[in-house]
Amino acid sequence: MRSAPTILHLDMDAFYASAEQAAKPSLRGKAVVVGGLGPRGVVATASYEARRFGVHSAMPTAQARRLAPHAAYLTPRFTLYRDVSNQVMGLLRELSPLVEPLSLDEAFVDLEAGGAAFDGGSAREVGERLRADIRRVTGLSGSVGLAVSKMLAKIGSERAKPDGLVLIEPGTERQLLAPLPVRVLPGVGPATGDHLRRAGITTVDEIAEAGQDELVRLLGRAHGTGLYAMALALDERPVVSEREGKSVSVEDTYDLDIHDRVRVRGEVARLAERCTRRLREAGRSGRTVVLKVRRYDFSTLTRSETLRGPTDDPAVVREAAARLLEGVDTTGGVRLLGVGVSGLADYTQEDLFAQAAGERAEAEAEAAAEADELAPQGPAAEVVDPVAPAAPEERRRWPAGHDVVHAVHGPGWVQGSGVGRVTVRFETPTSAPGRVRTFRTDDPELSLSAPLPLVEGDGGAGEG
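The text that follows walks through the structure, step by step, so that each part is easy to find. (Residues numbered from 1 in each chain as written. Predicted model: local features only at pLDDT ≥ 70, side-chain atom pairs only at ≥ 80, totals over all residues. Heavy atoms only, no water.)

**Digging into the sheet that holds strand 17 (residues 446-448)**
Taken in spatial order, the five strands make up an open sheet running 16-15-14-13-17, and their pairing is antiparallel. The open sheet terminates on both sides in strands that have one partner only, identified here as strand 16 (435-440) and strand 17. Across the sheet, the axes of successive neighbouring strands diverge by a mean angle of 40°, strand direction being ignored. Alignment of strand 15 (residues 421-426) against strand 16, held across six bridges, turns out to be antiparallel. When the bridges of strand 16 are listed, arginine 421 appears paired with arginine 440. (Pairing = 2+ DSSP bridges. Helix = DSSP H or I, 4+ residues; strand = E, 2+ residues; numbered from the N terminus. Axes fitted to C-alpha atoms, helices over the stretch in contact; angles between N-to-C directions.)

**Some thoughts on the sheet that holds strand 5 (residues 99-103)**
Reading across the sheet, the five strands line up as 5-6-1-7-8 and stay open at both edges, with mixed pairing between neighbours. Pairing within the sheet leaves two strands with one partner each, and these edge strands are strand 5 and strand 8 (165-167). Averaged over all pairs of adjacent strands, the angle between strand axes in this sheet comes to 15°, irrespective of strand direction. Along the sheet face, helix 6 (residues 150-160) touches strand 1 (7-12), strand 5, strand 6 (106-110), strand 7 (142-147) and strand 8 and points at about 140° away from the line of strand 7. (Contact = heavy atoms within 4.5 Å.)

**What about the packing of aromatic side chains?**
All chains considered together, the criterion is met by six aromatic pairs. Relative to phenylalanine 439, the ring of phenylalanine 426 has its centre 5.9 Å away and its plane inclined at 90°; by these criteria the two rings are edge-to-face. Taken together, the positions of phenylalanine 426 in strand 15 and phenylalanine 439 in strand 16 put the pair 13 residues apart, joining distant regions of the chain. Here phenylalanine 426 and phenylalanine 439 have matching classes, each one buried. Its end group placed over the ring of tryptophan 413, lysine 24 keeps NZ or CZ at 5.2 Å from the ring centre. Here the basic side chain of arginine 51 rests over the ring of tyrosine 48, its NZ or CZ set 4.4 Å away from the ring centre. (Phe/Tyr/Trp six-rings, centres within 6.5 Å; stacked < 30°, edge-to-face > 60°. Buried < 20%, exposed > 50% of the residue type's maximum accessible area, 1.4 Å probe, protein only. Lys NZ or Arg CZ within 6 Å of the ring centre and 35° of its normal.)

**A look at the pattern of salt bridges**
Scanning the model with the defined rule gives 29 salt bridges in all. Among the ionic pairs, arginine 77 bridges to aspartate 403, the shortest N-O distance being 2.2 Å. One end of the pair, arginine 77, is in the loop between strand 4 (72-74) and helix 4 (78-93); the other, aspartate 403, is in strand 13 (residues 403-406), and 326 residues separate them in sequence. Looking at arginine 77, the relative accessible area reads 4%, which means it is buried. Put simply, aspartate 257 and arginine 335 hold a salt bridge, and the shortest N to O gap is 3.9 Å. (Salt bridge = Lys/Arg side-chain N within 4 Å of Asp/Glu carboxyl O.)

Take a look at the structure:
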């Protein structure tokens, strides 16, 4: 293990909610909750103002509304979050070739590998400069941890939140870890934590005192040995620059169970379109199509079909998902559907077209009826996309928090909609808090639009 604190962990602060506050001047300094807004919705991120009321990630949105009824509840805008994430990751890659993204808002960086830092002083300077660059480029804040290992750097960033930097000095690691709860260690989830608690082990120091043999007896050789080493602050895991995704998937949870088989087929087709769009955005293709169905009684079924070669063709994925659906009984109702593609690979466009044509020809006979129902049939089959052209008036949706533009009033965002009306606040990331106006949902002068850049003069957000 290295002797200098040159592993950096960056964690953006309340990322989704902070991005929404930066985009919406009227929400700055106020409680904001981003997540699913239906009866079965779950909180993705809560701003620090909302957290004061007890709202936190993974909490049911209905519970969050009871705790913070006056907060702004918004649906996620992943186009914006991905754009901002790309900007942040670009800054990290300027520091080192070894950057390990964990999610859109979190990553490890090996500063030593890039020659950016060699001791505690230079590492701290790099961390402070990085935080300033992130704020300059994105308008958002991030917290930084610096240490000799990935585990300790992540603990450092947690202690730095919000908007801070913590450097864990070499030689102080055991003292720092000793009083912390066992859940702070990598690999200790709820089940392992409960198992240790029943054995009278609740802190990292108590893990170290128990000894490796006792940990092996409680948790098995691999887990027990690894956890004991972590408790002694020994973490040899390197920063890995390439973390290839094993699959791409999308899923939707429905406010009311779906009983209509035709609608279930249509939802699967829509999910297949979204999944392949994500594949293409990532420049990837996959060989195995996976269908996920959660039924009315919470039983979850997965079905998969492996194709002859990798594809990102929407028709191929859609038809494979439709075939998989035929083997699933949805009579009692469906509460969640998902479509994924695994076995990812890079592809050449020529191979892709040849493979897609072959798959369609092979499936034509058995899937002709489903193809007629599932293939786009004009307006009724259009996928609702916040940055796509508006659907016909009777199909238009106005997700809370999403961007709009009015022919007269300019850009704004949806505060809410219902009963044939949509309420819009007209403001931009660089304007003062704006005025609110209400329109008919079929107003021809109002349409959904792409996100605007969070920082003036930045062309990153909103592109692609």
